[in-house]
Amino acid sequence: MINIRRKTRKKAENWAQETAPSYIRLYRSGELTARAWRAQQIMENCRLCPRACGVHRLSGELGFCRSEAQPRVYKYKVHFGEEPPISGKRGSGIIFFSCCTLRCTYCQNAPMSHQGRGYSVSPERLAKIMLALQHSGCHNLNLVTPSHFLPGILQALNLAVGEGFVLPIVYNTSGYETLEVLNLLDGIVDIYLPDMKYGNADVARRYSSAPDYPRVNRAAVREMYRQVADLLVDDSGVAIRGLLIRHLVLPNGLAGTGKVMRFIGQEISRRVHVSLMSQYIPLWSAREDPLLSRPISQTEYGQALDELEKAGLVRGWIQELAEKSLDS
Ligand code: SF4
């Protein structure tokens, strides 16, 4: 005879183990401390992003991103505007970090990314912010453009876990990441939320000073998928682990949507969740750019949807007049 109660308990334990944030194990083994230390070493001659400026951030030298060594927070809050598995019913605990390693000319958050508005936080203060977000009841910790501050973030996470922090981590990134940094995040990040901004090097050079973006971004997304695979959600549809790719459609086909979708469908997986965003508006210096100075048209978004379909991508979200799930 099968002891149903024991079996049910066993299943619950397995589920709890499966859904527990992966960094808890690293914290217990001391590996999380070691990762924070390794990130700090990378920042000494900074190569925390593919620009590899080589500046000594700990001595106050500034690279392309103009970031100091200590994390700088623009704001933090419980946020309900992310994709449904990220926001859920109780919201996502989002921390917007100041400065950026891309600084796109059309940035939709320029005060934060270009102007570096925000305030410096110690690892202790950042740990308290993480715990406060958890205390507010949100589903996850959502780190927005975090990589240039990775050492301080990992130090803070280590402190927060010691105080009972257990939320899954969403790594909300421009997708301009090195494999060295992603290796440090292996087993720490539960949900990767990268952009795939460009399919063409010339466009990436013109608008983000990063001609290597398509190549670097593809390698990064491959590695993210290797680490966390397809999106896994709990019974209420909230993400526990996995990859969710964002692609912002730009006017005049500048985002190279077809190339990006084909890459995802052919070289990552057709099961990957994709968020195809239509919300572009000309901000910052994009207002003066002849190709970027208007929102996208219905026709352009329709073409992007065709590319998504041709690539065989059927999981995720599209935006039109109203947000719509690909599954509906
Ligand atoms: S994180 Fe900043 S300083 Fe470091 S390599 Fe990237 S742009 Fe340069």
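Not measured: the values here are computed from a predicted model.

## A few points about the overall build of the protein
Right, on to step 1. Looking only at helices and strands, the protein has twelve helices and eleven strands in total.
Right, on to step 2. Within the span of the protein, comprising 328 residues, buried residues form 55% of the whole.
Right, on to step 3. Restricting to contacts in the protein with at least 6 residues of sequence separation, those with at least 24 account for 70%.
Right, on to step 4. Carbon together with sulfur atoms contributes 51% to the accessible area of the protein, which is approximately 14,900 Å² in total.
Right, on to step 5. Taking the average location of the 41 positive side-chain charges in the protein and that of its 31 negative ones, the two points are 3 Å from each other.

## What to know about the packing of helix 3 (residues 31-44) against helix 7 (residues 150-162)
Right, on to step 1. Close contact between helix 3 and helix 7 brings their axes to 8 Å; oriented N to C, the two are set at 165°. Here helix 3 is positioned roughly antiparallel relative to helix 7, judged by the angle of their axes. Our pair here, helix 3 against helix 7, has a crossing hand that is left-handed. Taken together, the residues of helix 7 that come into contact with helix 3 (itself represented by Leu 32, Thr 33, Arg 35, Ala 36, Ala 39, Gln 40 and Met 43) are Leu 150, Pro 151, Leu 154, Gln 155, Leu 157, Asn 158 and Val 161.
Right, on to step 2. Here the contact of helix 3 with helix 7 is built from residues that sort into nine nonpolar, four polar and one charged.

## Let's talk about the pairing of strand 2 (residues 92-97)
Right, on to step 1. Here strand 2 lies mainly inside the structure; six of its six residues are buried.
Right, on to step 2. Taking every second residue as pointing to the same face, both faces of strand 2 are buried, with Ser 92, Ile 94 and Phe 96 on one and Gly 93, Ile 95 and Phe 97 on the other.
Right, on to step 3. Pairing geometry for strand 2 and strand 4 (residues 141-144), over four bridges, is parallel. Residue pairing for strand 4: Phe 96 is matched across the bridge by Val 144.

## Description of the site of the ligand
Right, on to step 1. The immediate surroundings of the ligand are formed by Cys 46, Leu 48, Cys 49, Ala 52, Cys 53, Val 55, Arg 57, Gly 63, Phe 64, Cys 65, Thr 101 and His 148.
Right, on to step 2. Broken down by class, the residue content of the shell around the ligand amounts to eight nonpolar, three polar and one charged.

## Notes on the nonpolar core
Right, on to step 1. In this structure, Ile 95, Leu 126, Met 130, Leu 243 and Ile 264 are the most contacted members of the largest nonpolar core, which totals 68 residues.
Right, on to step 2. With seven residues, the top contributor of residues to this core is helix 7.
Right, on to step 3. Beyond its immediate chain neighbours, meaning those up to four positions away, Leu 243 contacts Tyr 192, Pro 194, Val 221, Met 224, Tyr 225, Val 228, Ala 229, Asp 230, Leu 231, Ile 268, Val 272 and His 273.
Right, on to step 4. Counting 20 residues, the second-largest nonpolar core is a separate cluster that includes Tyr 176, Val 203, Leu 250 and Met 277.

The rules behind these values
Residues numbered from 1 in each chain as written. Predicted model: local features only at pLDDT ≥ 70, side-chain atom pairs only at ≥ 80, totals over all residues. Heavy atoms only, no water. Helix = DSSP H or I, 4+ residues; strand = E, 2+ residues; numbered from the N terminus. Buried < 20%, exposed > 50% of the residue type's maximum accessible area, 1.4 Å probe, protein only. Contact = heavy atoms within 4.5 Å. Areas by Shrake-Rupley, 256 points an atom, 1.4 Å probe, with all protein chains shown as cover. Lys, Arg positive; Asp, Glu negative; His and termini not counted. Charge placed at Lys NZ, Arg CZ, Asp CG, Glu CD. Axes fitted to C-alpha atoms, helices over the stretch in contact; angles between N-to-C directions. Parallel < 35°, antiparallel > 145°, perpendicular 65-115°, else oblique. Left-handed = near helix turned anticlockwise from the far one by under 90°. Nonpolar A, V, L, I, M, F, W, Y, C, P; charged D, E, K, R; others polar. Pairing = 2+ DSSP bridges. Near = heavy atom within 4 Å. Core = buried A, V, L, I, M, F, W, Y, C linked by side-chain atoms within 4.5 Å.

This is a description of form; function is not addressed.
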